[in-house]
Amino acid sequence: MQILASAKIGSIVVALLVVLHLFLRVTLGYGQSSPDLLVVALLMASRGLSLGAGSALGFILGILEDGFSAMAFGAHAFSLSVLGLLSCRVKDIFVGDSSLFVAAYFFCGKFVRDLLYWSIIGTAARDPFWNIFLPDALLASAYVGIVGVLFSIIGAVSRGTR
């Protein structure tokens, strides 16, 4: 019963992150200045999913993000699908719940997502590599790392494991 309640709370947190992402980026119009909460939701959820389910969740979240993208339709779906697949594999290799590990997990996840997205969009839609990855991707990854740690702590407290 504890596992079922934990899964239910985890699903609620992931759904809250998706709604908050859309609210910040689309409704309030913050765009790239808000954290990428879809990556946080995917990385949080995929640690407890199988490879196929993690990839499918990434694909669904990517299609949701692509619905608001005019430049490269399908690039978000591809990058989030691969990220969901990779994050499911990472859980088998690295097991850790320390704040430093969780921050590194979210930081690397966001950076890999940005790298995948940049590599799949066409040359007409992308900026040069150094203009994107030196300042923007590192700051966005750090931002997602901090937000991911906060939501992981909130999720752990709500489940009663911390």
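Fair warning: this is a prediction, and the values are worked out from it, not measured in the lab. (Residues numbered from 1 in each chain as written. Predicted model: local features only at pLDDT ≥ 70, side-chain atom pairs only at ≥ 80, totals over all residues. Heavy atoms only, no water.)

Visitor: Describe in detail a nonpolar patch on the surface, supporting the description with residues and values.
Guide: On the surface, Phe59, Ile60, Ile63 and Phe73 cluster together to form a nonpolar patch covering roughly 430 Å² of accessible area. Within the fold, Ile63 resides in helix 3 (residues 51-66). (Patch = residues over 30% accessible without salt bridge, like charges linked within 9 Å, V, L, I, M, F, W, Y side chains within 5 Å. Areas by Shrake-Rupley, 256 points an atom, 1.4 Å probe, with all protein chains shown as cover. Salt bridge = Lys/Arg side-chain N within 4 Å of Asp/Glu carboxyl O. Helix = DSSP H or I, 4+ residues; strand = E, 2+ residues; numbered from the N terminus.)

Visitor: So what about the pattern of salt bridges? Which residues, and what values?
Guide: Tallying each qualifying case throughout the model produces four salt bridges. Linking Glu65 and Arg25 is a salt bridge whose minimum nitrogen-to-oxygen distance equals 4.0 Å. Of this pair, Glu65 sits in helix 3 while Arg25 sits in helix 1 (residues 2-27), placing them 40 residues apart in sequence. Residues Glu65 and Arg25 agree in their burial class; the two are buried. The partner of Lys110 in a salt bridge is Asp36, with the nearest N and O atoms 3.1 Å apart. Placement of the pair is Lys110 in helix 5 (residues 99-120) and Asp36 in the loop between helix 1 and helix 2 (37-46), with a sequence separation of 74 residues. Just as Lys110 is buried, Asp36 falls in that class too. (Buried < 20%, exposed > 50% of the residue type's maximum accessible area, 1.4 Å probe, protein only.)

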